[in-house]
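Structure assessment
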Amino acid sequence: MDPRTIGVLGGGQLGRMLVEAASRLNIKIVILDTSSNAPAKQIQATQTHIHGDFKDPYKIKELAKAADILTIEIEHVNADILETLMNENAVLVHPSPSTIRLIQNKFSQKTHLSKHNIPVVNFIDVPTKDDLLIAIEKFGYPLMLKSKTLAYDGRGNYLLRTEDEISNALESLGNFKTPLYAERWASFTKELAVMVVRRANGEVKSYPVVETVQKENICHLVIVPAQVNDLILEKAKTIAENAILTLDGAGVFGVEMFLMNDGHIYVNEIAPRPHNSGHYTIEACETSQYENHIRCILDLPLGSTALKVPAAAMINVLGKSDDLQETLRPCAESLSIPGVTIHLYGKQDCRKGRKMGHITVVSDSISRLFLRIKPILEAINENES
Ligand code: ATP
Ligand code: MG
Ligand code: MG
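Computed from a predicted model, the values in this text were never measured in an experiment. (Residues numbered from 1 in each chain as written. Chains lettered and ligands numbered in written order. Predicted model: local features only at pLDDT ≥ 70, side-chain atom pairs only at ≥ 80, totals over all residues.)

1. Here's the deal with the overall build of the chain
For clarity, the cut-off: Here a strand is any run of E in DSSP of at least two residues, a helix any run of H or I of at least four, and the numbering for each starts at the N terminus. With C-alpha atoms as the basis for the radius of gyration, the globule rule is written as 2.2 Å multiplied by the number of residues raised to the power 0.38. With C-beta atoms placed from the backbone, a residue counts as buried when 20 or more other C-beta atoms lie within 10 Å of its own, as exposed when 12 or fewer do, and as partly exposed for counts between those limits. Each residue gets a C-beta atom placed from its backbone, and two residues are in contact if those atoms lie within 7 Å.
Counting secondary structure elements, the chain contains 14 helices and 18 strands. Over its C-alpha trace the chain gives a radius of gyration of 20 Å, about what one expects of a compact globule, namely 21 Å for 385 residues. In the chain, which comprises 385 residues, the proportion classed as buried is 45%. Sequence separation of 24 or more characterises 63% of the internal contacts of the chain that already satisfy a separation of 6 or more.

Put into structure tokens, the structure is as follows:
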């Protein structure tokens, strides 16, 4: 259907689901990841992949030679070499390296968004401990202290509640070895997310607004459609699309947002790639985020982003300990529930809090959806306690 080969920087679960979507379309994917057994490599094992770091310029060049177009499944890659390769016309890169670079640094990302009138919570640079004291004076407690770079799953965030925690917070975030900034605490009523897709020709579409529930900074549950009024749905969609219009490049983007009590919405952060809050699209939408990402970057007609079921949920299966079987017990229990699809990522090392898989549940009504997910959430909670 399209003879071009896609090179993907990163071989985790997002890459694995990209490979699943690509293989249905006969589209070849080459993965760059340090692990020869990375989740995305496992399911196209007859294909030659590249073993190496997605920050290593030589390995990225090798990937560029093996592919017609490069994309990412993680943003913490070497954006400079991607930019050089693109400028030399060696390979196409989507989303654009400048977008990847901007998003890699949460502080630059927030500065960019606020410059473009996209609502974000107040934030301030914290290059030294004195600046942290200024931030505390300005925003009060609790205060969200964040690493500007290399953050994921809440690693890099410290919720500062009292003065006593300052030294602990600074130590746990590396004492300024990675740069820090602070954000005003958003006492949100809900967290929302919207996946926005943009085709290389500029066409933009978005998926339904979802509600996400984070536990200890890690996404735990996604509910779609978000249980908020139509005005909020429309506002969240508009803000998410406007945010993406400020960025260059094609692909799917995840826009995470805070919904406040008074109806205000703030953008938390943007992911320039398929996103955890869009896993549900595989079973619940007419075209998944993974297939649409491929269509976007190859400039093929976009698929419909509409729901094809009235309601869906996604529950992350996070490592309970280093015992994989113990972690997967709730999956086994959910097999007997109608509407359930289990995705396991094939990760060898199970660790506490690591994303090992997810469970999607679809239903013909939101009330039945809640009945279906209740026993799964209970099994996960029991497993955790
Ligand atoms: P991800 O895995 O989504 O990339 P991350 O490590 O980049 O996570 P953030 O998205 O910055 O982390 O924060 C994780 C979670 O922490 C948010 O989803 C939200 O629940 C909470 N959080 C972050 N910033 C704030 C804030 N300013 N006020 C209140 N809660 C916040
Ligand atoms: Mg993040
Ligand atoms: Mg986040």
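Having seen the model, we can carry on.
2. Some words on the environment of Q104
The residue Q104 is located in helix α5 (residues 97-104) in this model. Residue class for Q104 comes out partly exposed when judged on the 18 C-beta atoms lying within 10 Å of it.

3. Re the nonpolar core
Keep this limit in mind: Under the definition applied here, buried Ala, Val, Leu, Ile, Met, Phe, Trp, Tyr and Cys residues are grouped into a nonpolar core through C-beta atoms within 7 Å.
By size, the foremost hydrophobic cluster in this structure holds 94 residues, and its most contacted members are L18, V255, M257 and V267. It is strand β16 (residues 311-318) that provides the largest number of residues to this core, a total of 7 residues. In contact with L18, other than residues within four places in its own chain, are V8, I29, E73, P274, Y290, H293 and I294. With 13 residues, the next largest nonpolar core counts F107, Y158, L160 and A182 among its residues.

4. Regarding the environment of K115
Structurally, the position occupied by K115 is in helix α6 (residues 106-115). The exposed category is assigned to K115, around which 9 C-beta atoms lie within 10 Å.

5. Focus: the site of ligand 1
Just so we agree on the cut-off: Near, for a residue, is defined by distance from a backbone-placed C-beta atom to a molecule or strand, with 6 Å as the limit that must not be exceeded. Charged residues are taken to be Asp, Glu, Lys and Arg, nonpolar residues to be Ala, Val, Leu, Ile, Met, Phe, Trp, Tyr, Cys and Pro, and polar residues to be all remaining types, Gly included.
By nearness alone, 18 residues border ligand 1, and M144, A151, E183, A186 and Q214 come closest of all. Looking at the shell around ligand 1 residue by residue, the classes come out as 6 nonpolar, 6 polar and 6 charged.

6. Here's the deal with the sheet that holds strand β2 (residues 28-33)
The condition is simple: Strands are treated as partners if at least two bridges between them are detected by DSSP.
Spatially, 5 strands are ordered β3-β2-β1-β4-β5 in an open sheet, and the strand pairing comes out parallel. The open sheet has two free edges, formed respectively by β3 (50-51) and β5 (92-93), since each of these has just one partner strand. Across 2 bridges, β2 lies against β3 in parallel orientation. Bridge pairing in β3 links D33 to H51.

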